[in-house]
Amino acid sequence: MSGVGFPPAPPLDAAAMAAARRRWASRAEPPGALGRLEDLAVHLAGVTGRCPPPVPASPAVAVFAGDHGVVADGASAWPQAVTAAMVETMSAGGAAICTLADSIGASVTVVDVGVALPLEHLANVRHERVRPGTASIARGPAMTIAEAADAVEAGGRIAGELVETGADCLIGGDMGIGNTTAAAAIIGAACDAPAEVVTGPGAGVPAAGSAHKQQLVAIAIDRAADAAGPVELLAQIGGLEIAALAGFYVAAAGHRTLFIVDGAIACAALCVADLLSPGTAGHAIAGHCSAEPAAAVALDHLGLRPLLDLDLRLGEGTGACLAFPLVRAAAATLGQMAGLPEAP
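Figured I'd write up the structure that's included with this text. Treat the numbers as computed from the prediction; the structure is a model and nothing was measured. Note that residues are indexed from 1 along each chain, following the sequence as it is written. At least 70 in pLDDT is required for a residue's local features to be given in this predicted model, at least 80 for side-chain atom pairs to be given and counted, and no such filter applies to totals for whole chains, interfaces and linings, which use all residues. Working from all heavy atoms in the structure, the side-chain values ignore hydrogens and water.

### Overview of the packing of aromatic side chains
For clarity, the threshold we go by: Two rings from Phe, Tyr or Trp (for Trp, the six-membered ring) form a pair when their centres sit within 6.5 Å of each other. Planes less than 30 degrees apart are called stacked, planes more than 60 degrees apart edge-to-face, and all others tilted. The cut-offs for exposure are 20% and 50% of the maximum accessible area for each residue type, with area from a 1.4 Å probe on protein chains only; residues under the lower value are buried, those over the upper are exposed, and the others partly exposed.
Applying the stated criterion across every chain, the model contains 3 aromatic pairs. With a centroid separation of 6.2 Å and an interplanar angle of 65°, the aromatic rings of Phe248 and Tyr249 are classed as edge-to-face. The exposure class assigned to Tyr249 is buried, which follows from its relative accessible area of 0%. Ring-pair connections join several aromatic residues into one group, and the members of that group are Phe64, Phe248, Tyr249 and Phe259.

Here you go:
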């Protein structure tokens, strides 16, 4: 599978990264004493093309919501209606992501890209619905190729708008009952990993048991083998919110804007984004390692090391928000730390 219809992501700025390494070598500390914080600041320089990199001050969260037909086949311990209920909670500012976004001064945009129940009555939700949920990936394609492409485009458009209105760090989140099943299948297909390795409990072990969920993932991975490219992969076994997140990441990399990746669903989207626009994953900041096993598989496949490991598995962008202060600290320390004092 290779990227079709999208240019490769711009390369990281090698000159800015080299300048960042030289600057670290001249700071008032023993070489390498700040460990991975130094590596993070070098990465920020490469993404932004500036040394020292600017300290991000205007983070923006976009939470993409979509339903999954595979819930009807017993993929989740929760009914599909919970997706719409959680979107309503987010729109009222009561979800975990709202609290954590507020703690870092981030705006929150909640996007209905494929919730099954109508949500037009919610004023604080952006309505970009491509279709009312996917079909079951255990029985056939999740959506059409055109629908997958529309969802990718919606995510990319929202990222572009956030950047144009001043956001300097993007955080993508997800909401969708059953989406760990789709994410596990995408990561299994993209990373050549079997269902038993990538399948986790998600929001709770389904009534039919973990072995049943693993079987659903295995069916989807097998069918994905025939996908001709990343958009068709999304059409076969993806979720609408995963497709939108993939477009969100492609656009962020294209704008050379910092973006922090969240948990398993976000990692699945990043796998697709890197296929759509090769090099996108090289721009990503891995916020944390989700407790869902598929996340570690994806991060290892993409060559990313997470900043945090807190056993989180909520999604929504929560882990990425928790990592944002480290991103700010890395940029601020490289930019503001004094140089080595001259020897007497």
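### Overview of unusual backbone geometry
For residues besides glycine, phi is generally negative; the peptide bonds are generally trans as well. Quick note on the threshold: The numbering of helices and of strands both runs from the N terminus, where a helix is a DSSP run of H or I of at least 4 residues and a strand a run of E of at least 2.
A cis amide bond links Cys51 to the next residue, Pro52, at an omega of -5°. Here Pro52 lies in the loop between helix H2 (36-48) and strand S1 (59-66).

### As for helix H8 (residues 210-224)
The line we're drawing: A helix is expected to span 1.5 Å multiplied by its residue count minus one. Directions drawn from the helix axis to the C-beta atoms are what define this arc. By the convention used here, residues are in contact when the closest approach between their heavy atoms is within 4.5 Å.
Taking 1.5 Å per residue as the helical rise, H8 with its 15 residues ought to reach 21 Å, and the 21 Å between its terminal C-alpha atoms agrees with that figure. For H8, the set of buried residues is Lys213, Leu216, Val217, Ala220, Ile221, Arg223 and Ala224. Viewed end-on, H8 has its buried residues packed into an arc of 165°, placing them on one side of the element. Of the residues in H8, the exposed ones pointing more than 90 degrees away from the buried face are Ala211 and Asp222. As for H8, its buried residues are in contact with helix H6 (179-191), helix H7 (195-198) and helix H9 (230-237).

### Re the environment of Ala106
When you line up the elements, Ala106 lands in the loop between helix H4 (96-103) and strand S2 (107-114). Residue Ala106 is classed as buried on the basis of its relative accessible area, which comes to 13%. Spatially, the C-alpha atoms of Ala106 and Leu170 are 9.2 Å apart, while their sequence positions differ by 64 residues. When residues no more than four places from it in sequence are discounted, the contact partners of Ala106 are Pro59, Ala60, Val61 and Ala101.

### With respect to the pairing of S2
Let me state the cut-off plainly: At least two bridges found by DSSP between two strands are what make those strands a pair.
Of all the 8 residues making up S2, 6 are buried; the element is thus mostly covered by neighbouring parts of the structure. Bridge count between S1 and S2: 7 bridges; the pairing is parallel. Looking at S2, one finds that Ala65 is bridged to Asp112. Summarising the sheet, S2 and strand S3 (residues 125-127) pair through 3 bridges and their orientation is parallel. By the bridge assignment, Val111 is partnered in S3 with Arg126.

### Describing the pattern of salt bridges
Filter applied, for reference: A pairing counts as a salt bridge when a side-chain nitrogen of Lys or Arg comes within 4 Å of a carboxyl oxygen of Asp or Glu.
By the definition in use, this model includes 7 salt bridges. Across the pair Arg139 and Asp73 runs a salt bridge whose closest N-O atoms are separated by 2.5 Å. With a gap of 66 residues between them, Arg139 in the loop between S3 and helix H5 (145-164) and Asp73 in the loop between S1 and helix H3 (81-91) connect regions that are remote in the sequence. Residue classification places Arg139 among the exposed residues on the basis of a relative accessible area of 69%. Put simply, Arg157 and Glu153 hold a salt bridge, and the shortest N to O gap is 2.3 Å. One end of the pair is Arg157 and the other is Glu153, both in helix H5 and 4 residues apart, which spans about a single turn. Owing to a relative accessible area of 44%, Glu153 belongs among the partly exposed residues under this scheme. Within the structure, one salt-bridge network assembled from shared partners comprises Arg126, Glu128, Glu153, Arg157 and Glu161.

### Comments concerning the state of the cysteines
What counts is decided by this rule: Counting rule for disulfides: a pair of cysteine sulfur atoms within 2.5 Å.
In total, this model carries 0 disulfides according to the counting rule given. The closest cysteine sulfur to the non-disulfide-bonded Cys191 is located on Cys271, 4.0 Å from its own sulfur. In this structure Cys321 is a free cysteine whose sulfur lies 9.1 Å from that of Cys169, the closest cysteine sulfur available. Cys321 gets classed as buried once you look at its relative accessible area, which sits at 1%.

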